[in-house]
Amino acid sequence: MTMEPVALADPPPSTAEDAPTARQKIGMFYRAVRQPITLICLAILALQIVIALAAPLLAPYDPLQPNVQHRLESPSSAFLLGTDDLGRDTLSRLIYGTQTALIASAQSVAIGLVLGVSLGVFVGYRGGWWDRIGMRIADVMQSIPALLLALALVAVIGNGLGKAMLAVGIIFAVGFMRVARAVVLAERERLYVDAARVLGLRSSSIMFRQVLPNIAPPLIVQASIALGTALLIEATLSFLGIGVDATAVSWGSMLDASRQHVSEQPLLAIFPGAAITLSVLVFNLLGDGLRDASSPRGVGGGKRKKPAKNTAATAEAEQNGTAKAVTTAPASAPTADAAKNALLTVSGLTVTTHTGAELVSGASFHIGKGETFGLVGESGCGKSITAAAILGLLPKGVEVTGGSVQLDGTELTGLGGEALRQIRGRRVGMVFQDPISALSPVHTVGRQLTDAIRSHSGLTKQQAEERAVELLSLVGVPAPRKRLLDYPHQFSGGMAQRVVIAGALACDPELLIADEPTTALDVTIQAQVLDLLAGLRERLNMSLLLITHDLGVVADICDRVGVMYAGQVVEVNTVRGAFNQPRHPYTEALLAAMPHGANGSEALATIPGRVPPAWAWPQGCRFHPRCTYAVEECKTGFIPLDDGVRCRRAVELKLAGAK
Ligand SMILES: Nc1ncnc2c1ncn2[C@@H]1O[C@H](COP(=O)(O)OP(=O)(O)OP(=O)(O)O)[C@@H](O)[C@H]1O
């Protein structure tokens with residue numbers, strides 16, 4: 001693969017794609033009101049709120065004042081909706097009933113939301129025992145029907161709508177907690193949460209700023225259903241005579257009063273019944289509409305911009321037009337004392353699952369200051385797990401059980417909390433495989449970059465924004481200031497990866513780890529992103545750990561390379577050395593299988609068999625079942641990494657280099 005030079009200093013001019021359209025600026029509310037049903041529901045709810053607030057002004061009569069001369073009257077100009085058995089004005093009572101219904105349901109849902117969401121986010125994010133205990137308590141609580149608990153509480157502490165709705169709120173909290181927990185459990189496994197951790201954001205910030213906004217859509221639905229349920233419970237309690245007392249009016253108590261006279265004056269039951277039905281319907285439909293609108297990828301105005309390959313390629317291609325030379329030639333070969341001056345030293349790193357399978361066994365390599373080190377191997381060899389172990393990002397149930405990882409003399413294994421946060425983002429940045437997943441879908445890239453910048457610096461919001469603009473220009477995103485307002489899905493794959501790289505550079509890291517940064521990208525863009533990384537490494541004088549299964553990429557931008565097979569580093573060499581005189585049969589096999597070496601006339605070589613799973617690493621040399629040079633002694637015993645190669649026959653074999 002040959003690399004065209006790429007621009008770093010001068011961001012290319014903006015393109016039509018970069019101008020933020022009105023659509024990109026619209027918020028959730030605007031998207032919601034573009035749905036007719038949601039708009040109607042919002043209008044009805046707004047009307048109800050106005051009626052509730054302005055009840056004393058709107059109600060023509062006192063809703064509690066009996067007027068026996070006018071009992072059970074039909075609608076007339078004096079009493080627009082008629083009167084009840086005590087001569088009270090039905091319209092006035094409906095108006096005040098709206099106030100009671102809205103206040104009671106809002107109270108219980110607010111209690112439920114605050115309690116439930118805090119607990120759900122907490123147990124979901126912490127997991128382990130917190131989660132188990134929280135969920136058992138939730139199971140017990142949810143086995144009690146909300147209405148029953150409200151009735152029991154009223155029986156114990158006496159009548160009163162406030163107390164009953166408090167009980168209802170606590171029961172609702174359990175439902176909200178489940179929803180919040182479920183979303184957090186799913187979200188915390190998403191790449192963008194790992195990315196936020198790598199950027200060094202605090203747990204609380206990740207929980208409330210990154211994860212919580214993702215909970216909004218399901219919570220909105222749950223809250224609107226809960227509002228409807230609470231309204232029904234309030235009406236039921238008042239109907240039973242244990243909700244509002246005689247000093248207040250409720251649609252439930254109106255229904256109760258109508259029972260005796262329903263044959264004489266059916267309207268007495270119809271009006272409050274219709275008010276209850278309409279309100280419940282409004283809350284449910286509103287929930288659906290807001291859920292759709294709350295996602296930036298939602299309906300209507302938020303229609304997804306198709307990240308078509310052509311568009312992506314075109315956007316990237318435009319950049320080449322203003323490209324400026326940055327050399328990507330490998331730096332000089334490392335010397336023998338390079339290890340002593342290494343920025344990162346990984347020695348004997350062993351990573352094990354809780355079931356005992358060794359995913360990485362005694363991995364050792366170092367990366368010098370300003371050096372680009374490639375880690376190669378087939379899928380499943382342990383490259384990503386090694387990178388995750390360096391950054392303390394191992395998945396649950398997987399841990400470092402041996403060896404050490406030192407960053408300029410600081411031991412990273414075993415670090416946690418604030419100490420680890422100071423390393424991530426500030427000293428080590430990471431670029432992930434799939435840029436779109438590595439960015440939070442619910443925040444603009446500007447917000448994500450400024451959060452990352454501010455988490456490690458005392459910059460004000462405005463200063464952080466300026467820095468974000470600088471970073472986006474540095475990575476070649478056109479019209480950076482405008483693009484700060486865009487959401488990740490509005491970027492092409494290559495542009496999104498540039499944003500991720502900008503985030504990783506937010507605090508000038510000494511080491512950048514890029515885990516297959518181009519795998520998810522269109523082939524036309526891969527070379528540009530690699531060029532960008534190589535150029536940035538040189539310009540910012542960072543070290544770069546590049547994880548890839550593509551030896552062509554290694555040849556183009558790496559200084560040295562570590563070859564991994566079945567959880568072990570089997571060869572560490574200079575790129576020139578590995579390509580000209582590989583020392584491990586696996587390196588030779590990888591070189592032979594390189595498409596770049598094929599001239600088209602002969603069939604591409606393949607390595608027979610496949611990488612075994614981690615629980616079935618072979619005895620002796622792990623590569624021996626696939627190795628054409630294997631002899632009996634390769635099948636047993638431990639083979640150490642000796643002078644950069646892990647092979648019993650390393651001295652005697654004369655292996656072929658790249659074609
Ligand atoms: N969370 C996990 N629990 C158990 N095993 C895992 C876990 N994650 C990865 N593994 C296993 O660890 C081994 C190494 O996986 P890893 O993802 O590091 O490989 P890789 O070389 O990076 O491959 P790829 O190029 O496909 O990413 C594989 O056998 C994989 O199945």
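Given the structure is predicted, the values throughout are model-derived calculations rather than measurements.

Chemist: What am I meant to see in the site of the ligand here?
Modeler: Close to the ligand lie 15 residues, the nearest being Ser379, Lys383, Ser384, Ile385 and Pro395. Here the residues of the shell around the ligand are counted per class, giving 7 nonpolar, 7 polar and 1 charged.

Chemist: Help me out: how do you make sense of the packing of helix α6 (residues 128–142) against helix α8 (residues 161–188) in this one?
Modeler: The description of two helices packed together rests on the angle between their axes and the distance between the axes. Packing of α6 against α8 brings their axes to within 9 Å, and their N-to-C directions diverge by 135 degrees. Overall, the two elements α6 and α8 adopt an arrangement that is oblique. Crossing angle aside, the handedness with which α6 passes α8 is left-handed. Residues Ala138, Met141 and Gln142 of α6 form the contact with α8, whose participating residues are Ile171, Val174, Met177 and Arg178. Among the residues forming the contact of α6 with α8, the class breakdown is 5 nonpolar, 1 polar and 1 charged.

Chemist: Looking at this structure, I do not really get the sheet that holds strand β9 (residues 560–565). What am I missing?
Modeler: Backbone hydrogen bonds are what pair the strands of a sheet, in a parallel or an antiparallel way. Taken in spatial order, the 6 strands of this open sheet run β6-β7-β8-β3-β9-β10, and their pairing is mixed. Edge strands, defined here as strands with exactly one partner in the open sheet, are β6 (428–431) and β10 (568–574). For this sheet the average axis-to-axis angle between neighbouring strands, irrespective of direction, equals 15 degrees. Contacting β6 and β7 (511–515), helix α20 (residues 493–504) crosses the sheet at an angle of about 170 degrees to β6.

Chemist: Would you take a moment to explain the UniProt feature "transmembrane region" (unreviewed entry) in the protein for this structure?
Modeler: As recorded in UniProt, the sites labelled "transmembrane region" (unreviewed entry) are residues 37–59, 101–125 and 137–158. Helix and strand shares over residues 37–59 are 91% and 0% respectively, and the end C-alpha atoms of the span are 29 Å apart.

Chemist: Looking at this model, I keep getting lost on the packing of helix α17 (residues 445–456) against helix α18 (residues 461–474). Mind explaining?
Modeler: Where α17 meets α18, the axes come as close as 9 Å, and the angle between the chain directions of the two elements is 110 degrees. One element, α17, and the other, α18, form an angle in the roughly perpendicular class. Seen from above, α17 lies across α18 with right-handed handedness. For the pair formed by α17 and α18, the contact residues are Gly446, Leu449, Thr450, Ile453 and Arg454 on the first element and Lys461, Ala464, Glu465, Arg467, Ala468 and Leu471 on the second. The residue inventory of the contact of α17 with α18, partitioned by class, reads 5 nonpolar, 2 polar and 4 charged.

Chemist: Sorry, what's going on with unusual backbone geometry here?
Modeler: Leave glycine aside and you will find that most residues have negative phi; peptide bonds, for their part, are mostly trans. At leucine 72, a residue that is not glycine, the phi angle is positive and equals roughly 50 degrees. Note that leucine 72 resides in the loop between α4 (55–58) and α5 (90–126). Leucine 72 gets classed as partly exposed once you count the C-beta atoms within 10 Å, which come to 15. Phi at alanine 479 is positive, roughly 45 degrees, even though this residue is not glycine. Judged by the 20 C-beta atoms lying within 10 Å of it, alanine 479 is buried.

Chemist: Just checking my understanding: could you explain the pairing of strand β1 (residues 342–353) for this structure?
Modeler: Each regular strand shows side chains that alternate between the opposite faces of the sheet. The pairing of β1 with strand β2 (residues 358–368) spans 7 bridges and is antiparallel. Looking across to β2, one finds that leucine 344 is bridged to isoleucine 367. Hairpin connection from β1 to β2: 4 residues lie between these consecutive antiparallel strands, with glycine 356 at a positive phi of about 100 degrees. Relative to strand β4 (residues 398–407), β1 runs antiparallel, the two being bridged by 8 bridges.

Chemist: When you look at helix α9 (residues 191–198) in this model, what are you seeing that I'm missing?
Modeler: Because each turn of an α-helix spans 3.6 residues, side chains separated by three or four positions in sequence point in the same direction. Where burial is concerned, most of α9 is hidden: 7 out of the 8 residues are buried. Tyr192, Val193, Asp194, Ala195, Ala196, Arg197 and Val198 are the residues of α9 that are buried. Positioned one or two residues after α9, glycine 200 has a phi angle of 85 degrees, which is positive.

Chemist: Just checking my understanding: could you explain the confidence of the model for the protein for this structure?
Modeler: A low pLDDT means the predicted coordinates there should not be read in detail. For the protein, per-residue confidence averages 80 on the pLDDT scale, and 86% of positions sit at 70 or higher. Mean pLDDT values for the elements of the protein range from 38 in helix α13 (residues 309–320) up to 96 in β9. Here residues 1–26 scores under 50 on pLDDT; set against residues more than four positions off or in separate chains, the count is 74 contacts. pLDDT under 50 marks residues 296–336. Its contacts with residues more than four places away, or in other chains, come to 92 contacts. Taken together, the chains of this predicted complex give a pTM of 0.62 and an interface ipTM of 0.95.

Chemist: Explain the sheet that holds β2 to me, please; I cannot follow it from the model alone.
Modeler: Spatial ordering of the open sheet is given by β2-β1-β4-β5, a layout of 4 strands whose pairing is antiparallel. For this open sheet the edge positions go to β2 and β5 (410–411), each flanked by a neighbour on one side alone.

Chemist: Is there a simple way to think about helix α24 (residues 585–592) in this case?
Modeler: A large share of α24 lies buried, amounting to 7 of its 8 residues. When α24 is considered as a whole, its buried residues turn out to be Pro585, Tyr586, Thr587, Glu588, Ala589, Leu590 and Leu591. Looking at the buried side of α24, the elements it contacts are β3 (372–376), α22 (551–557), β9, β10 and α23 (575–580).

Chemist: What exactly am I supposed to notice about the environment of glycine 609 here?
Modeler: Within the fold, glycine 609 resides in the segment after α24. Of the residues examined, glycine 609 has 10 C-beta atoms within 10 Å and is grouped as exposed. Along the sequence, glycine 609 and arginine 626 sit 17 residues apart, while their C-alpha atoms lie 6.2 Å from each other. Setting aside anything within four residues of it in sequence, one finds glycine 609 in contact with Pro625 and Arg626.

Conventions used here
- Residues numbered from 1 in each chain as written.
- Predicted model: local features only at pLDDT ≥ 70, side-chain atom pairs only at ≥ 80, totals over all residues.
- Near = placed C-beta within 6 Å.
- Nonpolar A, V, L, I, M, F, W, Y, C, P; charged D, E, K, R; others polar.
- Axes fitted to C-alpha atoms, helices over the stretch in contact; angles between N-to-C directions.
- Helix = DSSP H or I, 4+ residues; strand = E, 2+ residues; numbered from the N terminus.
- Parallel < 35°, antiparallel > 145°, perpendicular 65-115°, else oblique.
- Left-handed = near helix turned anticlockwise from the far one by under 90°.
- Contact = placed C-beta atoms within 7 Å.
- Pairing = 2+ DSSP bridges.
- UniProt positions renumbered as here; feature names shortened; annotations may be inferred.
- Buried ≥ 20, exposed ≤ 12 C-beta atoms within 10 Å, placed from the backbone.
- pLDDT = per-residue confidence, 0-100.

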